[in-house]
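# Reading the structure
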Amino acid sequence: ASKHLIAPSMLAADFANLQSDTEMINASAADWFHIDIMDGLFVPNISFGFPVMSAIAKHAQKPLDVHLMIEKPDRYLSEFRDAGAANITVHYEACTHLHRTIAAIKDLGCHAGVALNPHTPVHLLNDIIADIDLVCIMSVNPGFGGQKFIENTYAKIRELRAMSAGVNDNLWIEIDGGVSLNNAEALLSAGADVLVAGSFVFNSSDPVSTIQQLKDVNPE
Ligand code: DX5
Ligand code: ZN
């Protein structure tokens, strides 16, 4: 496997100093900006929308990995592309016609991802796994940063790795929620490719060094 990717979550950034936090990520070993969009319906919280995302995009020099925690994301896919998204990830639980939604994301020229809530089994993706670029396994219930990591995540990573082998070997398996240096090596050993980290990065005394440490983790 090639080197894993690190995607700091801007949900934990200082929203009054987004330009400096964006430039900090630019200067770090991070690979993507993880952008958490919440609508107050799919999840019990509201984060930020297009103006704030565009403000980050204006300064960001790395791809924006957009995680849509919103109902019926089909309504807004082109707006997110126009606001600077490179990857658009929708929730399995929020899409009635997931196959159509994935096709629409790809038609916009973006990578297409599907996120799974902690209770949603990996095998539900069996009939769409060949068509998607990324699966985001939620390792907390979406809606808030700083929550406790759910241990069942490892089993889901291993199952998804086995399910995608030979069918979609370029699939990115992304882990989102409660990621830190305490679990990064185990997550990568289980088969993760992308680690999202919010509070662990931004609450540390030296975020650039914390990102480097996450990037330098060597799995078995
Ligand atoms: C949770 C978001 C996550 C969150 C992760 O709903 O999807 O991306 O920002 O935050 P931490 O790393 O603090 O758990
Ligand atoms: Zn997220």
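Residues numbered from 1 in each chain as written. Chains lettered and ligands numbered in written order. Predicted model: local features only at pLDDT ≥ 70, side-chain atom pairs only at ≥ 80, totals over all residues.

What follows is about the overall build of the protein. If you tally the helices and strands in the protein, you get eight helices and eight strands. Scaling as 2.2 N^0.38, a compact globule of 220 residues should have a C-alpha radius of gyration of about 17 Å, and the protein matches this with 16 Å. In terms of overall dimensions, the protein has a C-alpha envelope of 45 × 40 × 30 Å along the principal axes. The buried share among the 220 residues of the protein stands at 45%. For the protein, restricting intrachain contacts to residue pairs at least 6 apart in sequence, the fraction spanning at least 24 positions comes to 65%. (Helix = DSSP H or I, 4+ residues; strand = E, 2+ residues; numbered from the N terminus. Rg over C-alpha atoms; globule rule 2.2 N^0.38 Å. Buried ≥ 20, exposed ≤ 12 C-beta atoms within 10 Å, placed from the backbone. Contact = placed C-beta atoms within 7 Å.)

Our focus in this paragraph is the site of ligand 1. In the vicinity of ligand 1 lie 22 residues, with Ser9, Pro142, Gly145, Gly198 and Ser199 positioned nearest. For the shell around ligand 1, the per-class residue count stands at nine nonpolar, 11 polar and two charged. (Near = placed C-beta within 6 Å. Nonpolar A, V, L, I, M, F, W, Y, C, P; charged D, E, K, R; others polar.)

Okay, the sheet that holds strand E5 (residues 111-116) next. Strand order across the open sheet formed by eight strands is E1-E8-E7-E6-E5-E4-E3-E2, with parallel pairing between neighbours. Whereas interior strands pair on both sides, the edge strands pair on one side only; in this sheet they are strand E1 (5-8) and strand E2 (33-38). Direction aside, neighbouring strands of the sheet carry axes that sit 25° apart on average. Where helix H5 (residues 153-164) meets the sheet, it contacts strand E6 (134-138) and strand E7 (172-176), and its direction lies at approximately 160° from that of E6. Where helix H8 (residues 207-216) meets the sheet, it contacts E1 and strand E8 (194-197), and its direction lies at approximately 150° from that of E1. (Pairing = 2+ DSSP bridges. Axes fitted to C-alpha atoms, helices over the stretch in contact; angles between N-to-C directions.)

UniProt tags Asp36 and Asp176 as "active site" (unreviewed entry). A maximum C-alpha distance of 10.5 Å is found for the annotated residues, which run over 141 residues; spatially they form one tight group. Discounting chain neighbours no more than four positions away, the residues touching Asp176 are His67, Cys136, Met138, Ser139 and Val196. (UniProt positions renumbered as here; feature names shortened; annotations may be inferred.)

Among the six residues that make up E5, five are buried, leaving the element largely enclosed by the rest of the structure. Of the pairings in the sheet, the one linking strand E4 (residues 85-91) to E5 comprises five bridges and is parallel in character. Considered in E5, the bridge of Thr89 is made with Gly113. For the handedness criterion, the β-α-β arrangement of E4, helix H4 (residues 98-107) and E5 is classed as right-handed. Both E5 and E6 contribute to a ladder of four bridges, which runs parallel. Directly across from Gly113, in E6, lies its bridge partner Leu134. (Right-handed = clockwise from strand over helix to strand, strands pointing away.)

We note that Lys72 has phi near 45°; this positive angle belongs to a residue other than glycine. Structurally, Lys72 is set in the loop between strand E3 (64-69) and helix H3 (77-82). Since 14 C-beta atoms lie within 10 Å of it, Lys72 is described here as partly exposed.

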